[in-house]
Amino acid sequence: MGMIEVKNLNFSYDENSETIDNVSFSVEKGTYTTIIGQNGSGKSTIAKLIAGLLEKKSGSIMIDGLELNLENLNQIRSKIGIVFQNPDNQFIGSTVRDDIAFGLENHCVAQEDMDDIIAANAKRVKMTKYLNQEPTRLSGGQKQRVAIAGVLAMKPEILIFDEATAMLDPQGKDEIKKVIMDLHHETGLTILSITHDIDEVAASDAVIALNEGKVVMTGTPDQIFAQEEKLKEIQLDIPFSMKLEKKLAERGVELKRCITMDALLEELCRLHSNM
């Protein structure tokens, strides 16, 4: 059984249409899974249903073997951390330290333990030197890193990013994508990222593609991007690295399959060194 098991899930905000229509998928423990789709496809709704922030209409959601229901809700919520789109909406404290401490204080963590937890998680997202700063003085990417540190301090087993880079500038996006990748490689967390960023999708272990509230594709990034025509039908694209690879192939330059920019640059360097 996966860490997250969704079966025949249905949800609607009104009686006229199904926002989530008979959706089923599995997320394995310790994997980095991305959910993609156009605006209105149901991505963020799925995230909120899994986190117990919305109540399903029908179907089932299992989290680490526990069914998501009123009886298990608190236990399941303790396993899940969620980082939302707008970092400004997530700040509570007057300093970065206060903000990371907020959840710990609510769980009555002893002060002597709290300081070590704050320091460890600020270091993990490279925000140690900002602990005494006001959040309003931080960049968007820095604010989002603080939000991640606050979630990590609660020691979740599942970390959900609900379009966490959508409101950031390119530098901020790169900062958060690096944090996600570092967490993926350094921890045993199960990561679920709702995203429009195709390069982030390329770096994940598994992809779930939604369209009009339905799952239309699942698989590895390589398997998903191989279905270019189907992606176009749901108004999605392939990574720039793959587009460049195709253009080079048209000019007689054959490269190994590259779905990330890092892989493409590595392959171009290899090709250049062999010339």
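Residues numbered from 1 in each chain as written. Predicted model: local features only at pLDDT ≥ 70, side-chain atom pairs only at ≥ 80, totals over all residues. Heavy atoms only, no water.

1. Description of unusual backbone geometry
- Here the phi dihedral of Lys126 falls at roughly 60°; this positive angle occurs in a residue that is not glycine.
- With respect to the element layout, Lys126 can be found in the loop between helix H4 (111–124) and helix H5 (140–152).
- The exposure class assigned to Lys126 is exposed, which follows from its relative accessible area of 54%.
- Its identity is not glycine, yet Gln235 carries a phi of approximately 60°, on the positive side.
- Along the chain, Gln235 falls in the loop between helix H9 (228–233) and helix H10 (240–250).
- Its relative accessible area of 60% is what places Gln235 among the exposed residues. (Helix = DSSP H or I, 4+ residues; strand = E, 2+ residues; numbered from the N terminus. Buried < 20%, exposed > 50% of the residue type's maximum accessible area, 1.4 Å probe, protein only.)

2. Some thoughts on the pairing of strand E9 (residues 206–211)
- Where strand E3 (residues 32–36) meets E9, four bridges bridge the pair, whose relative direction is parallel. In the sheet register, Ile36 faces E9, and the bridge partner there is Ala209.
- In this sheet, strand E10 (residues 214–219) lies alongside E9 in antiparallel orientation, the contact comprising five bridges. Across the sheet, residue Leu210 finds its bridge partner in E10, namely Val215.
- From the end of E9 to the start of E10, which pair antiparallel, there are two residues, and Glu212 there has a positive phi angle of about 50°. (Pairing = 2+ DSSP bridges.)

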